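Each chain, written out:
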Amino acid sequence: TKDDLYRQVLRNVLELWWSRMPRLAADDPRPPLDVLREFVHAKFALSRERPFASKLFAQEVIRGRAMSRELELHDPKGRVANEIALIEQWIARGQIRPIAPAHLLFIVWAATQTYADFEAQMCSVLGREALLPDDYAQGEAALMQLLSGGLGIDEADAARPAAAPASTRGGA
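Anyway, here's the lowdown on the structure attached to this text.

About the cut-offs
Residues numbered from 1 in each chain as written. Predicted model: local features only at pLDDT ≥ 70, side-chain atom pairs only at ≥ 80, totals over all residues. Heavy atoms only, no water. Core = buried A, V, L, I, M, F, W, Y, C linked by side-chain atoms within 4.5 Å. Buried < 20%, exposed > 50% of the residue type's maximum accessible area, 1.4 Å probe, protein only. Helix = DSSP H or I, 4+ residues; strand = E, 2+ residues; numbered from the N terminus. Contact = heavy atoms within 4.5 Å. Axes fitted to C-alpha atoms, helices over the stretch in contact; angles between N-to-C directions. Parallel < 35°, antiparallel > 145°, perpendicular 65-115°, else oblique. Nonpolar A, V, L, I, M, F, W, Y, C, P; charged D, E, K, R; others polar. Phe/Tyr/Trp six-rings, centres within 6.5 Å; stacked < 30°, edge-to-face > 60°.

1. With respect to the nonpolar core
- One finds W17, V40, W90, L147 and L151 to be the most contacted residues of the largest nonpolar core, which totals 38 residues.
- Those elements that provide at least two residues to this core are α1 (2-20), α2 (32-49), α3 (51-63), α5 (79-92), α6 (101-117), α7 (119-126) and α8 (133-151).
- Residue contacts for L151: discarding those within four places in its chain leaves L36, I96, R97, I99 and L104.

2. A look at the packing of α3 against α6
- Interaxial distance between α3 and α6 falls to 8 Å at its minimum, and their mutual angle equals 110°. Viewed along their axes, α3 and α6 adopt a mutual orientation that is roughly perpendicular. Residue-level contacts link P51, S54, K55, F57 and A58 of α3 to Q113, A116 and D117 of α6.
- In the contact of α3 with α6, the residues fall into four nonpolar, two polar and two charged.

3. Quick notes on the environment of S54
- Summarising the element assignment, S54 is placed in helix α3.
- Residues S54 and Q113, 59 residues apart in the sequence, show an inter-C-alpha distance of 6.7 Å.
- Not counting residues up to four positions away in its chain, the partners in contact with S54 are W17, Q113, A116 and D117.

4. A word on the packing of aromatic side chains
- Tallying each qualifying case throughout the model produces three aromatic pairs.
- Relative to Y115, the ring of F44 lies with its centre 4.9 Å away and its plane at 65°, an arrangement referred to as edge-to-face. Separated by 71 residues along the polypeptide, F44 in helix α2 and Y115 in helix α6 bring together distant segments of the chain. Neither residue differs from the other here; F44 and Y115 are each classed as buried.
- On the basis of an interplanar angle of 45° and a centroid distance of 5.7 Å, the ring pair of Y115 and Y136 is categorised as tilted. Placement of Y115 in helix α6 and of Y136 in helix α8 is noted, with a sequence separation of 21 residues between them. Here the two residues Y115 and Y136 agree in accessibility, since each one is buried.

Put into structure tokens, the structure is as follows:
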């Protein structure tokens, strides 16, 4: 049916996202800045390379459709819970300033997915037909600067480009 096809498209979007995102866990020994840089870089790459996947996902969540709940879009296999646990560990260890972990994730998601979901608005403001690779790089650097400053992490390292991912990738 049409609904079955749509469910499969949504599953494919989620599988793509989760296969490309770093797997974060509370026992990750890396410094917060390294983890955040890898996470933000992966999110920007997905927005740049697969904008229609992000737009479809956003429309599904905005509509509050039953399919999104059915497919566990909000916390598939506990990955978001693991990300929150890692942020809580950083706070407990004094590695970052106290912050509401879920809201930190919401901010990162919003900042990165905006480049896909609201590309037309950004292009209008920037006066061009399409976003350029440099727009994504500038957005990534700006977000890292905001995160490092807001979380009390060494700002001198925040503008460094992302290194090759060190964490395990793949589906859950």
